[in-house]
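Understanding the architecture of this molecule
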Amino acid sequence: MAVPKRKMSKSRRDRRRANWKLTAPGLIECPQCHEMIMPHRVCKYCGHYKGKAVMNVQ
């Protein structure tokens, strides 16, 4: 069974955990209705994609 020979310091432990952060999603403005949407997806507010209406939205 693998057991550490020496105690790991707090700074070394915390350095390993430093990259566990959340990142905000990259949002762009819809050119039709100017709402913030995820890129490369149909706008759920107006139903446009690449300047064309592809979905009916009530």
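Residues numbered from 1 in each chain as written. Predicted model: local features only at pLDDT ≥ 70, side-chain atom pairs only at ≥ 80, totals over all residues. Heavy atoms only, no water.

Applicable threshold: UniProt positions are given in the numbering used here, feature names are shortened, and annotations may be inferred rather than shown by experiment.
An unreviewed UniProt entry lists the chain under the name Large ribosomal subunit protein bL32, from Negativicoccus succinicivorans. Listed in UniProt under the heading Sequence similarities (unreviewed entry), the comment for the chain reads: "Belongs to the bacterial ribosomal protein bL32 family."

**Some points on the overall build of the chain**
How we decide: Here a helix means four or more residues in a row that DSSP labels H or I, a strand means two or more in a row labelled E, and each is numbered from the N terminus. Radius of gyration: over C-alpha atoms. The globule rule applied is 2.2 Å multiplied by the number of residues raised to the 0.38 power. Only heavy atoms matter for contacts: two residues are in contact if any of them lie within 4.5 Å across the pair. The Shrake-Rupley method, run with a 1.4 Å probe, gives the accessible areas here. Residue values count only the displayed protein chains as cover.
When helices and strands are tallied, the chain shows 1 helix and 4 strands. The secondary structure elements of the chain, listed N-terminal to C-terminal, are α-β-β-β-β. For a compact globule of 58 residues, the expected C-alpha radius of gyration is about 10 Å, and the chain comes in at 23 Å, more than 25% above that figure. Across its three principal directions, the C-alpha atoms of the chain cover 65 × 25 × 20 Å. Sequence-distant contacts in the chain: of pairs separated by 6 or more residues, those separated by 24 or more amount to 0%. For the chain, the accessible surface area stands at approximately 6,000 Å², while carbon and sulfur atoms represent 55% of it.

**A word on unusual backbone geometry**
Here is the rule: When accessible area is computed with a 1.4 Å probe and restricted to protein chains, residues below 20% of their type maximum are described as buried, those above 50% as exposed, and intermediate ones as partly exposed.
Despite not being glycine, His 34 shows a phi value in the positive range, around 65 degrees. Mapped onto the fold, His 34 is located in the loop between β1 (28-29) and β2 (36-37). Phi is positive for His 40, which is not a glycine, with a value near 65 degrees. Within the secondary structure, His 40 sits in the loop between β2 and β3 (48-49). You can call His 40 exposed: its relative accessible area is 71%.

**A word on a nonpolar patch on the surface**
Test applied: Patches in this entry comprise residues that are over 30% relatively accessible and not in a salt bridge; like charges within 9 Å are linked, as are nonpolar side chains (Val, Leu, Ile, Met, Phe, Trp, Tyr) within 5 Å. Note on definitions: salt bridges are taken to be side-chain nitrogens of Lys or Arg within 4 Å of carboxyl oxygens of Asp or Glu.
Taken together, Val 42, Val 54, Met 55 and Val 57 make up a surface patch of nonpolar side chains, about 300 Å² in accessible area. Among the secondary structure elements, Val 57 is positioned in the segment after β4 (52-53).

**Structural notes on the state of the cysteines**
How we decide: Throughout, a disulfide means two cysteine sulfur atoms within 2.5 Å of one another.
Applying the stated criterion across every chain, the model contains 0 disulfides. For Cys 43, which is in no disulfide, the shortest distance to another cysteine sulfur is to Cys 33 and amounts to 3.6 Å. The exposure class assigned to Cys 43 is buried, which follows from its relative accessible area of 0%. In this model Cys 46 remains outside any disulfide bridge; the closest cysteine sulfur is found in Cys 43, 3.6 Å from its own.

**Regarding the environment of Cys 33**
Mapped onto the fold, Cys 33 is located in the loop between β1 and β2. For the pair formed by Cys 33 and Cys 46, sequence separation is 13 residues and the distance between their alpha carbons is 6.5 Å. When sequence neighbours within four positions are dropped, the list of residues in contact with Cys 33 reads Cys 43, Tyr 45 and Cys 46.

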